[in-house]
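# Commentary on secondary and tertiary structure
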Amino acid sequence: MSKLRTFFALDSADKLASLEAMVLVLYAKLLIGKVPPRRWRSRFGTVARSSEKSGDLETVRRVRLAIMRALNNVPGAPNCLPQALAGRWMLERRGIASSLFLGTQRDETGKARFHAWLKVGDEWVTGLCDEAQYTLLVPGEPEAA
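Heads up: these notes are all about the structure in this document.

Reading the values: the criteria
- Residues numbered from 1 in each chain as written.
- Predicted model: local features only at pLDDT ≥ 70, side-chain atom pairs only at ≥ 80, totals over all residues.
- Heavy atoms only, no water.
- Pairing = 2+ DSSP bridges.
- Helix = DSSP H or I, 4+ residues; strand = E, 2+ residues; numbered from the N terminus.
- Contact = heavy atoms within 4.5 Å.
- Axes fitted to C-alpha atoms, helices over the stretch in contact; angles between N-to-C directions.
- Buried < 20%, exposed > 50% of the residue type's maximum accessible area, 1.4 Å probe, protein only.
- Polar contact = N/O pair within 3.5 Å; in protein donor to acceptor, adjacent residues only side chain to side chain.
- Core = buried A, V, L, I, M, F, W, Y, C linked by side-chain atoms within 4.5 Å.
- 1 Å grid on protein atoms, 1.4 Å probe; cavity = no way out; pocket = protein on both sides within 12 Å on 5 of 7 lines; lining within 4 Å.
- Points joined across faces, edges and corners; volume = space filled by probe spheres on them.
- Nonpolar A, V, L, I, M, F, W, Y, C, P; charged D, E, K, R; others polar.
- Phe/Tyr/Trp six-rings, centres within 6.5 Å; stacked < 30°, edge-to-face > 60°.

In spatial order, the strands read β3-β2-β1-β4; together these 4 strands make up an open sheet with antiparallel pairing. Two strands close off the open sheet at either side, each with one partner strand: β3 (123-126) and β4 (135-136). Here strand β2 (residues 112-120) runs beside β3; their pairing, made up of 3 bridges, is antiparallel. Within β3, the residue paired with Val-120 across the bridge is Glu-123. Strands β2 and β3 of the sheet are contacted by helix α4 (residues 57-71), whose axis makes an angle of about 30° with β3. Where helix α5 (residues 80-93) meets the sheet, it contacts β1 (99-106), β2 and β3, and its direction lies at approximately 20° from that of β2.

Next comes the structure, spelled out in structure tokens:
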């Protein structure tokens, strides 16, 4: 019952953002898991090399918290890529440009580990990590909203 009580204690904007985040995280997870990448890559958007633009910080933080709430309430613990895609789609709907980063690093056994993260300017939305530890994949220009 505490999850419902917490949800009902949110203001209406946070309730809607949380519901939107749950739907989009599930959609992104389904898209990544069940559909070949060549069929959904166009929904991915431009992958960024750097993040220069800044948006409305209150909205960015609301989206970040909504994604975090969604992760606690959707099945299967979605990894970083569905989180980053859902965050990007939410920010795009709000007219805020974001930068999606895809990186790789080698673990102690030499196996490649991949990670996705999303930023607006210097503000983290999803995938908080030490960027210096990753080599960026498919660098491009930040996508405008």
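Once you've had a look at it, read on.
Turning our eyes to something else, we now look at the environment of Thr-126. Relative to the assigned elements, Thr-126 resides in strand β3. A relative accessible area of 5% means that Thr-126 is categorised as buried. In this structure the C-alpha to C-alpha distance between Thr-126 and Arg-64, which are 62 residues apart in sequence, comes to 6.6 Å.

The next point concerns the side chain of Lys-119. Among the structural elements, Lys-119 can be located in strand β2. Here Lys-119 falls in the buried class, since its relative accessible area comes to 8%. A polar atom in the side chain of Lys-119 sits 3.1 Å from the side chain of Glu-131.

What follows covers the nonpolar core. Membership of the largest hydrophobic core comes to 28 residues, with the highest contact counts inside it found for Ile-67, Met-90, Leu-91 and Val-125. When residues of this core are traced back to their parent elements, those giving at least two are α2 (12-34), α4, α5, β1 and β2. A total of 8 residues in this core trace back to one element, the largest contributor, which is α5. Discounting chain neighbours no more than four positions away, the residues touching Leu-91 are Val-60, Val-63, Ile-96, Ser-98, Leu-118, Val-120 and Val-125. If you look at the next biggest cluster of nonpolar residues, it comprises 5 residues, including Phe-101, Trp-117, Cys-129 and Tyr-134.

What follows is about the layout of surface pockets. Here the second largest pocket defines a volume of roughly 210 Å³. Every residue lining the second largest pocket is listed: Lys-3, Leu-4, Thr-6, Phe-7, Leu-10, Ser-18, Met-22, Arg-69, Asn-72 and Asn-73. Listed by contribution, the elements that provide at least two residues to the lining of the second largest pocket are α1 (2-9) and α2. The element contributing the most residues to the lining of the second largest pocket is α1, with 4 residues. For the lining of the second largest pocket, the per-class residue count stands at 4 nonpolar, 4 polar and 2 charged.

Right, let's talk about the packing of aromatic side chains for a bit. Here a ring pair, both rings aromatic, is described through the centre-centre distance and the interplanar angle of the planes. As enumerated under the stated definition, the model contains 3 aromatic pairs in all. Judged by centre distance (5.6 Å) and plane angle (10°), the ring pair of Phe-101 and Trp-117 falls under stacked. Of the two residues, Phe-101 is situated in strand β1 and Trp-117 in strand β2; the sequence distance between them amounts to 16 residues. We note that Phe-101, like Trp-117, is buried. Feature note: the residues Phe-101, Trp-117 and Tyr-134 constitute an aromatic cluster, connected by ring pairs.

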